[in-house]
Amino acid sequence: MLERQRVVEPCIFCRIVRGELGTEFVDQSDTAVAFHDLQPAAPTHVLVVPRRHLGGLRDLRDPVVAADLLMLVNRVAKDLGLTKGGYRVITNDGPDAGQTVNHLHFHVLGGQKLPEALA
Ligand code: 5GP
Ligand code: ZN
């Protein structure tokens, strides 16, 4: 089943990382890329994604990659002007959280007063 999934339905974010879908990167680093969400939930909605496939936050092991991801979030927020008003960073890990793409990603949301958060 896993093998079939790899062959027939390759991970959409792995394809984006490889440049197969022509998605423009807002920013990138050695281990991560940032690009605009296809269906933005706020005026600015960027996804920060590790180049290497990891299913979700639960699969993150490498502290270098962890730091790199967070620093890319930090840089994108600054460069897109989100630090003035404020912004939110979210990762959904697993079905209870509503994760729909099973490749670790951080949502970076801002550009307006955001609705109240759960946490
Ligand atoms: P999740 O629900 O897993 O936390 O978030 C997945 C996000 O990926 C959604 O906000 C969805 O709009 C975005 N997304 C899904 N497919 C694509 C795509 O092909 N390109 C881009 N740029 N975003 C996508
Ligand atoms: Zn992937």
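Above this text is the structure in question.
Note that the structure is a prediction, hence the values are computed from the model and not measured.

Now for the nonpolar core. Judged by nonpolar contacts, the single largest core of 15 residues is most densely connected at A34, V46, V48, L69, L72, F106 and V108. When residues of this core are traced back to their parent elements, those giving at least two are β2 (32-36), β3 (44-50), α3 (63-79) and β5 (106-110). Here this core takes six residues from α3, the largest share from any one element. Dropping the residues within four chain positions of it, L69 is found in contact with A32, V48, V49, P50, L60, L104 and F106.

So, on to the packing of aromatic side chains. Each aromatic ring pair is specified by the distance between its two centres and by the angle formed by the two planes. Within this structure, the stated rule accounts for one aromatic pair. With 5.5 Å between their ring centres and 80° between their planes, F13 and F35 make a pair best called edge-to-face. Of this pair, F13 sits in helix α2 (residues 12-17) while F35 is found in strand β2, placing the two residues 22 residues apart along the sequence. Take F13 and F35: they sit in the same class, and that class is buried.

The subject of this paragraph is the side chain of D37. Positionally, D37 belongs in the loop between β2 and β3. Nearest to the buried, unbridged D37 among oppositely charged side chains is R88, at 14 Å. One polar contact links the side chain of D37 to the main-chain amide nitrogen of Q39, over a distance of 2.8 Å. Setting aside its immediate chain neighbours within four residues, D37 contacts H45, V46, L47 and H107.

This part covers the site of ligand 1. The environment of ligand 1 is formed by 16 residues, the closest being H36, D37, N92, T100 and H107. Between a nitrogen atom of ligand 1 and a main-chain N or O atom of L38, the distance comes to 3.2 Å. At 3.0 Å, a side-chain N or O of H105 approaches an oxygen atom of ligand 1. Summarising the interface, the protein chains cover 83% of the accessible area of ligand 1, which totals 520 Å² for the free molecule.

Counted according to the given criterion, the structure contains four salt bridges. Between R18 and E20 there is a salt bridge, with its nearest N and O atoms 2.7 Å apart. We classify R18 as exposed; its relative accessible area is 53%. Under the relative-accessibility criterion, E20 is labelled partly exposed at 41%. Where D93 meets R58, a salt bridge forms, and the shortest distance between an N and an O atom there is 2.8 Å. One end of the pair, D93, is in the loop between β4 (87-90) and β5; the other, R58, is in the loop between β3 and α3, and 35 residues separate them in sequence.

About the cut-offs
Residues numbered from 1 in each chain as written. Chains lettered and ligands numbered in written order. Predicted model: local features only at pLDDT ≥ 70, side-chain atom pairs only at ≥ 80, totals over all residues. Heavy atoms only, no water. Core = buried A, V, L, I, M, F, W, Y, C linked by side-chain atoms within 4.5 Å. Buried < 20%, exposed > 50% of the residue type's maximum accessible area, 1.4 Å probe, protein only. Helix = DSSP H or I, 4+ residues; strand = E, 2+ residues; numbered from the N terminus. Contact = heavy atoms within 4.5 Å. Phe/Tyr/Trp six-rings, centres within 6.5 Å; stacked < 30°, edge-to-face > 60°. Lys, Arg positive; Asp, Glu negative; His and termini not counted. Salt bridge = Lys/Arg side-chain N within 4 Å of Asp/Glu carboxyl O. Polar contact = N/O pair within 3.5 Å; in protein donor to acceptor, adjacent residues only side chain to side chain. Near = heavy atom within 4 Å. Areas by Shrake-Rupley, 256 points an atom, 1.4 Å probe, with all protein chains shown as cover.

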